[in-house]
Amino acid sequence: VNEDCLLNYYFLFNTKRLPEDKISKLVKYPFWLPKQEVKKGDLVVVYSKAGSSSFKVNEDKTNSYFYYRNFETPILIDDEIVLVAELNNWRAESF
């Protein structure tokens, strides 16, 4: 975590890197992080495997948060990457 924030403003997804440092518009397996206040220096780990969310206090007094997506098989294919997007100023509108 780079600065104090709420995790629920972040969302991650699989996509592909394209030539010339571009990113595909493909969005696979989107995941909104839960509402959790985190502090600078904390660690957030998201697993695709099964498990139960948890956290622990580290020796340096930061926290580590663990989240599980509960997929039965790996979801990251060889040429894919995972992007984390900050979406704290968005709104939904009907078209």
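Cut-offs used in this document
- Per chain, residue numbering runs from 1 following the sequence as it is written.
- Local features in this predicted model are restricted to residues whose pLDDT is 70 or higher, and side-chain atom pairs enter the listing and the counts only when it is 80 or higher, whereas totals over whole chains, interfaces and linings include all residues.
- Excluding hydrogens and water, the side-chain values take into account all heavy atoms of the structure.
- For our purposes a nonpolar core is just a set of buried Ala, Val, Leu, Ile, Met, Phe, Trp, Tyr and Cys residues, chained together by side-chain atoms within 4.5 Å.
- Think of it in three bands: with a 1.4 Å probe and only protein chains considered, a residue is buried below 20% of the maximum accessible area for its type, exposed above 50%, and partly exposed in between.
- Elements are defined by DSSP. Helices are runs of H or I of four residues or more, strands are runs of E of two residues or more, and each kind is numbered from the N terminus.
- Residue contacts follow a heavy-atom distance rule, with two residues in contact if any of their heavy atoms lie within 4.5 Å.
- Distance and chemistry together define a polar contact, namely a pair of N or O atoms within 3.5 Å, with one atom able to donate a hydrogen and the other to accept it when in protein, and with adjacent residues in sequence counting only for side-chain atoms on both sides.

## Here we look at the nonpolar core
Grouped together as the largest cluster of nonpolar side chains are nine residues: Cys5, Leu7, Tyr10, Leu12, Phe31, Leu33, Val38, Tyr65 and Tyr67. Those elements giving two or more residues to this core turn out to be strand 2 (10–18) and strand 8 (63–68). Each residue touching Val38, except ones within four places of it in the same chain, is listed here: Val1, Asp4, Cys5, Leu7 and Tyr65.

## Points about the side chain of Asn14
Mapping Asn14 onto the fold places it in strand 2. Asn14 sits in the buried class, given a relative accessible area of 3%. Among the polar contacts listed, one links the side chain of Asn14 to the backbone oxygen of Ile75, at a separation of 2.8 Å. Residue contacts for Asn14: discarding those within four places in its chain leaves Leu26, Val27, Lys28, Tyr29, Ile75, Leu76, Glu80, Ile81 and Val82.

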